[in-house]
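Here is how the chains run, residue by residue.
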Amino acid sequence: MSKTIVAVDIGGTKIACGLVTITDNGPVIDAVTKVPTEAMKGGEHVLATVLDEVKKAIGRAAEKPCGVGISSAGVVNPRNGDITFANELMPGWGGTHLGAEVTAATGLPCRVLNDVHAHALGEARWGGGRDAKSCLVAAVGTGIGGAFVERGKIMLGAHDEAGHIGHVCCPAAAGVPCSCGATGHLEPIAAGPGIIREYVRLGGDETLPDGTPMHGAEIDRRAAAGDEAAKAAEARAGRALGEVLGSMCNMLDPDVVILSGSVAQCGPDWSDAMVEAFQGQAMPPVATTPIVGGELGGDAPLVGAAENFVSSGYAEIAD
């Protein structure tokens, strides 16, 4: 039996909202709109935008949706839909009673999940992990997030933030400051900005010929063309990620590792280094764990948010 949910993905730059129907054969996504988050205007402004988009989506539905599923940046308490913490990229978002506000404004039940957790749940249930019992998911782009999904349930942890792969200690990052305030974490050297910084440090251009800042896609193009600084910057990032993924597989032993995000689209300098480092760290029983690309792309958080509404897709630590 199919269920239609208003699905929302709240990120630091954009808010996507659409209708997702979960059927026995998979999700059907319809009528997705995207608007700027305008996060710097504060949490109340973001909330107002979300409520407006949800109401518009309800109006576009042929039949009344059964509820609202939300994927949101920040640390989320999925039991009540509160945003318990958000960093400086979304000022004032922490402390928002998102689930309760949506229900009060629409009359529909609402379930909220962290955006990376939602992304992972979507991929595990209907994307690259749909045939696997357990998945380790890493989303590598401007930042690095992750999640572990077992038998269709997200592992949350005691503080609702399990899976922060980007904030795992990494030997190659020794002494490098991280945005979280610690040092030596994976994210500042393996995410997109870290690749750019390393490329510039190795002598690469800081800007493009038109004066705009250097970006990852151009570095990947230059690596493919033989630019040694670009090749080395990508290899360093891939190697760091592979080491951490190998260590994580030693601990969690998933059926499959799913990689998504813009950095995961890099060419062989990145991917070959990642695989070699993974195999160097993984113990023999897990060294053959398949590493696959995500299949849902930007729709993964919407699908995961809808799936979470339908299936209560998270696992709690037992009391």
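Calculation rules
Residues numbered from 1 in each chain as written. Predicted model: local features only at pLDDT ≥ 70, side-chain atom pairs only at ≥ 80, totals over all residues. Heavy atoms only, no water. Helix = DSSP H or I, 4+ residues; strand = E, 2+ residues; numbered from the N terminus. Rg over C-alpha atoms; globule rule 2.2 N^0.38 Å. Buried < 20%, exposed > 50% of the residue type's maximum accessible area, 1.4 Å probe, protein only. Contact = heavy atoms within 4.5 Å. Salt bridge = Lys/Arg side-chain N within 4 Å of Asp/Glu carboxyl O. Pairing = 2+ DSSP bridges. Axes fitted to C-alpha atoms, helices over the stretch in contact; angles between N-to-C directions. Polar contact = N/O pair within 3.5 Å; in protein donor to acceptor, adjacent residues only side chain to side chain. Parallel < 35°, antiparallel > 145°, perpendicular 65-115°, else oblique. Left-handed = near helix turned anticlockwise from the far one by under 90°. Nonpolar A, V, L, I, M, F, W, Y, C, P; charged D, E, K, R; others polar.

Student: Any details on the overall build of the protein? Residues and values, ideally.
Tutor: Helix and strand content of the protein: nine helices and 13 strands. Whereas a compact globule of 319 residues would reach a radius of gyration of roughly 20 Å, the protein reaches 20 Å, a difference of no more than 12%. In terms of principal-axis extent, the alpha carbons of the protein reach across some 55 × 50 × 35 Å. Taken across its 319 residues, the protein has 50% of its residues classed as buried. Considering only contacts in the protein between residues 6 or more positions apart, those separated by 24 or more positions represent 63%.

Student: Explain unusual backbone geometry to me, and be specific about the residues and the numbers.
Tutor: Excluding glycine, a negative phi dihedral is what most residues carry, and trans is how most peptide bonds are arranged. The backbone of alanine 31 sits at a positive phi, close to 55 degrees, despite the residue not being glycine. Mapped onto the elements of the fold, alanine 31 is located in strand S3 (residues 26-36). The phi dihedral of arginine 151 falls on the positive side, at around 50 degrees, and the residue is not glycine. Along the chain, the position of arginine 151 falls in the loop between strand S9 (144-150) and strand S10 (153-155).

Student: So, the pattern of salt bridges: which residues are in play, and what are the values?
Tutor: Oppositely charged side chains may form a pair once their charged atoms are brought near each other. Across all of its chains, the model carries 12 salt bridges by this definition. Here glutamate 53 ties to lysine 56 by a salt bridge, and the two come within 3.8 Å at their closest N and O atoms. Of this pair, glutamate 53 and lysine 56 both sit in helix H1 (residues 43-60), three residues apart, which is roughly one turn of the helix. On the accessibility criterion, glutamate 53 (5% relative accessible area) is buried. Note that glutamate 218 is salt-bridged to arginine 221, the shortest N-O span being 2.8 Å. Residue glutamate 218 and its partner arginine 221 are located together in helix H6 (residues 216-224), separated by three residues, close to a single helical turn. Owing to a relative accessible area of 48%, arginine 221 belongs among the partly exposed residues under this scheme. Each of Asp205, Glu218, Arg221 and Arg222 takes part in salt bridges that share partners, so that together they form one network.

Student: Could you give me a rundown of the sheet that holds strand S2 (residues 14-23), with the residues and numbers involved?
Tutor: Read across the open sheet, the five strands follow the order S3-S2-S1-S4-S7; overall the sheet is mixed. The strands lining the two open edges of the sheet, one partner per strand, are S3 and strand S7 (110-114). Strand-to-strand twist in this sheet, taken as the mean axis angle between neighbours without regard to direction, amounts to 20 degrees. Judged from the five bridges that link them, strand S4 (residues 67-72) and S7 form a sheet pairing that is parallel. Across the sheet, the residue bridging to serine 71 is leucine 113, located in S7. Contacts from H1 reach strand S1 (3-10), S2, S3 and S4, with the element oriented near 35 degrees to S2. Contacting S1, S4 and S7, helix H2 (residues 98-106) crosses the sheet at an angle of about 150 degrees to S7.

Student: How would you summarise the side chain of glutamate 198 if you had to cite specific residues and measurements?
Tutor: Along the polypeptide, glutamate 198 turns up in helix H5 (residues 192-201). Under the relative-accessibility criterion, glutamate 198 is labelled buried at 8%. Of the polar contacts made by the side chain of glutamate 198, one reaches the side chain of arginine 201; its length is 2.9 Å. Non-local contacts of glutamate 198, meaning those with residues more than four positions away in its chain, are made with Ala233 and Arg236.

Student: Describe the environment of glutamate 38, and please don't skip the residues or the numbers.
Tutor: Following the sequence through the fold, glutamate 38 ends up in the loop between S3 and H1. According to the relative accessible area criterion, glutamate 38 is partly exposed, its value standing at 36%. Here glutamate 38 is in contact with His45 and Val46, once residues within four sequence places are set aside.

Student: Mind laying out the packing of H5 against H6, listing which residues take part and the relevant values?
Tutor: A pair of packed helices can be characterised by two numbers: the angle between their axes and the separation between those axes. At a closest axis distance of 9 Å, the pairing of H5 and H6 adopts a crossing angle of 55 degrees. As summarised for this structure, H5 and H6 are arranged oblique, according to the angle between their axes. Crossing angle aside, the handedness with which H5 passes H6 is left-handed. On H6, the residues that touch Ile195, Ile196 and Tyr199 of H5 are Gly216, Ile219 and Arg222. Of the residues assigned to the contact of H5 with H6, the class counts are four nonpolar, one polar and one charged.

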